[in-house]
Structures are given as structure tokens and as C-alpha cells.
Amino acid sequence: MTLSEPAPASAQWIVDATAEPGASPENCPVPSLADMIVLDDEAGHSRAAAVWLGDGGVECLVTISDRDGINQIVLATSLDSLADRPVPLWLGGWAIFTVFPGDAGRVVVKDDDDRVFGPPHQRLVDFGDGRKFTVVEYAYLRTGLQPDDPALSARARVCPDGTGPCLPARWIAPSASPLPLRSTSEDARDGT
């Protein structure tokens, strides 16, 4: 596996946070800087979103904030399953994740009339043999809205640069997900 941009040394704090007892599910061993993609790491380490591969090829997604510590680590069955999702994945915090198959080029959020979503951060993962995925994260800028809230930009879309169809920028929570997801979040374990 080749990452377009492995985690920099400054991301060690994310590794340290995921290493705390009980922070990660057993299928998500503590990542190393060499196998972690950092999609969002605000100055001063106030929040971060990162991705790495866990045991058995599961995808480990993490959001961290200085107020809440680790919000969630969620695993999906594979990058393929994330790339097949009809809508992005919201972990219940501030970050939204999606995966496009192949090299999606530059990914943008279009038609965000209500300015709900931040700009996308993205990285390319290359497994060789022509298997590539573009992993994308963007911030949810408004607090208190839920996936079905009418105040969300109904027209907003996450779009790759000419390499495939756009996805709605709206998200679904893990409890409503059609994929088998597990999380360190109490809410996701409860199904609420």
C-alpha cells in the first residue's frame, strides 16, 4: 500500500491519542505515522481527522477534538464498501468522510447554499494492481443539525474533478448505515 501523503511527524499526538486504553476497537490497532493518513489537523492540535487500515483490511476512521478527546473510531468493512456508499459517513462529531474509487482528482463541495460544509481534505491510497481510492474528509460547520434537518443545504454535493458522479454532501449517522460499522462511541453502540 502506498499513501499519497503519509502522516507527518507533527501528527504523533494523534497516534498517542489512539493508543490510550480503550480508545480503539480491537480491529483498529494503534496506527503508526507511516500507515496513517491525516486529513485534517488544525494548528495547535485542537482537532484532527485521520484514517488508517486496521486488521483484516478494515478501514479505521478517527475524529479527535480538544474538547472531547477522541469522538469516535469507526471501522467499515473495506475501502471498497466505503466507496460504494450512496452518501458520506458522519461520525456524530464534526467530520464527514467519503471514499471515491480510483484517483478522483481534486474533490470539491458544490452548491452549498447554506454554507454548512467546510472544504474537503483528501489523500490517495494506492494498493497496486490498479486499486486506488481517494479518501475525503470535510468539516460540518454548524452545530445542532441532524442529517434530516431542513436547514442543511439540499443541493450540496461532493464532487470529484471529472472522474465520476457527485455524492450528496449530506451524511448518514452510523446507526442508520447500511454497512456493518463498529465504533468506540457509546451512541453508536446503543444504536441511537
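Residues numbered from 1 in each chain as written. Predicted model: local features only at pLDDT ≥ 70, side-chain atom pairs only at ≥ 80, totals over all residues. Heavy atoms only, no water.

In this section: the sheet that holds strand β9 (residues 121–128). Taken in spatial order, the five strands of this open sheet run β1-β9-β10-β7-β6, and their pairing is antiparallel. Edge positions in the sheet fall to β1 (2–3) and β6 (89–90), since each has one partner strand and no second. Pairing analysis gives seven bridges linking β9 to strand β10 (residues 131–139), with the strands arranged antiparallel. Following the sheet pairing, Leu 124 is matched in β10 by Thr 134. (Pairing = 2+ DSSP bridges. Helix = DSSP H or I, 4+ residues; strand = E, 2+ residues; numbered from the N terminus.)

Here the focus is the pairing of strand β4 (residues 59–65). Among the seven residues that make up β4, seven are buried, leaving the element largely enclosed by the rest of the structure. Side-chain alternation along β4 places Glu 59, Leu 61, Thr 63 and Ser 65 on one buried face and Cys 60, Val 62 and Ile 64 on a second face that is also buried. In this structure, strand β3 (residues 47–53) lies alongside β4, joined through seven bridges in antiparallel fashion. Counted as the bridge partner of Val 51 is Leu 61 from β4. (Buried < 20%, exposed > 50% of the residue type's maximum accessible area, 1.4 Å probe, protein only.)

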